[in-house]
Each structure stands twice: as C-alpha cells, then as structure tokens.
Amino acid sequence: MAFCKWIYDFYTKGNVPFGINNVLEMKPFSELSAEELAMENLFIRWVRFPDDPPIRTFWEGWIVKYPAMKDTVAKARELVLLASDWKTDSLSSQEVNSIWGRIRNSLDIITERDTSQPKMSAFKETVTSTSIVLGVISMAVIIILAFFFFSIINR
C-alpha cells in the first residue's frame, strides 16, 4: 500500500516520502536495452524534466554506478527526445470547420433523440441509481472476501 501511495505522490505532487533510490534500485535498469529503457516512465520523466532533483540524482548516480550503460542511456535518451518532439500535422481551416460541423450534427441528432423519447419517472431513476450503487458495493464485498479467502489459503 505504501508503494501505491508513493507512486501517487510521485506523479501528482513530485513528493517522495522515502528514498527514491531504495525503490528504483529494485528495477534491473542495467539489463534493459535502449528501447526498453526509453519506455520506462521514470527514465522518460528524467529526460523530459531534467530539473526534477530526486530523479536527476538517481539517474546521475545510476550512470556513475553503471558506466558501461552510457551508450545505452544516450540512445534511450535520444529515442525519448524524438518521441517527445513528435507533432501531428496541423489541420487546415476547412478540415477544422468540417469536424465542428459533424460534431454539431451529432449533437443535434442526440438532442432530437432525447426529446422524442419519454422521460423515466423519478421512481425508476431512483431505483436505477440505487441498484447501481448496490451492485458496486456487492462487488467490493466480494473482492474483499476473495482477498481474505486467498490470504488464508496461502498461509
């Protein structure tokens, strides 16, 4: 659970509640090819945001620890920069207008369909909402029970 919180904090706030090196050294980055390394989120974050202190410190220390990987890191870095720099071709104003026209037409069709169908009564809407909530709660209870069942079996 702590690892999940760390990941959430890491990606949302940039906060790392415990040493990043402890977590990152668990991954065998030294065994990856340039292509595989270029697909690692933490490596991408370092290349795209080099001023992020914990990430920068980790990767600079990692390169010192694995000097044989310098070429692999350089190739992976180049791949990330190439992928990050990719831009789609811009659309012409005629294409943009065409897309907006199709969106408007779709919205008009949806609006016409909604006004032509009778509305559900308040009772039916309540029953539908309640049954959805009960279904979600039931699934959560089943998952929790399954977790406890399997944890007891694995002892």
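Note: the structure precedes this text.
Residues numbered from 1 in each chain as written. Predicted model: local features only at pLDDT ≥ 70, side-chain atom pairs only at ≥ 80, totals over all residues. Heavy atoms only, no water.

(A) Summary view of the overall build of the protein chain. What the protein chain contains, in helices and strands, is 8 helices and 0 strands. Within the protein chain, the proportion of its 155 residues that are buried is 18%. In the protein chain, the proportion of contacts linking residues at least 24 apart, taken out of those at least 6 apart, comes to 57%. In the structure as shown, the protein chain presents an accessible area of about 12400 Å², 63% of it carried by carbon and sulfur atoms. (Helix = DSSP H or I, 4+ residues; strand = E, 2+ residues; numbered from the N terminus. Buried < 20%, exposed > 50% of the residue type's maximum accessible area, 1.4 Å probe, protein only. Contact = heavy atoms within 4.5 Å. Areas by Shrake-Rupley, 256 points an atom, 1.4 Å probe, with all protein chains shown as cover.)

(B) Region of the structure containing helix α5 (residues 53-65). End to end, α5 covers 18 Å across 13 residues, agreeing with the expected 18 Å (1.5 Å per residue, within 8%). Among the residues making up α5, those that are buried are I55, F58, W59, W62 and I63. Along the long axis of α5, the arc covered by the buried residues comes to 130 degrees, so they all point the same way. Opposite the buried face of α5, by more than 90 degrees, sit the exposed residues V64 and K65. (Expected span 1.5 Å × (residues − 1). Arc of directions from axis to C-beta.)

(C) Main features of a nonpolar patch on the surface. Where nonpolar side chains cluster on the molecular surface, the patch consists of L91, V96, I99, W100, I103, L107 and I110 and spans about 600 Å² of accessible area. Considering the arrangement of structural elements, one finds I110 in helix α7 (residues 93-116). (Patch = residues over 30% accessible without salt bridge, like charges linked within 9 Å, V, L, I, M, F, W, Y side chains within 5 Å. Salt bridge = Lys/Arg side-chain N within 4 Å of Asp/Glu carboxyl O.)

Honestly, that's just the spatial picture; any functional story needs more than this.
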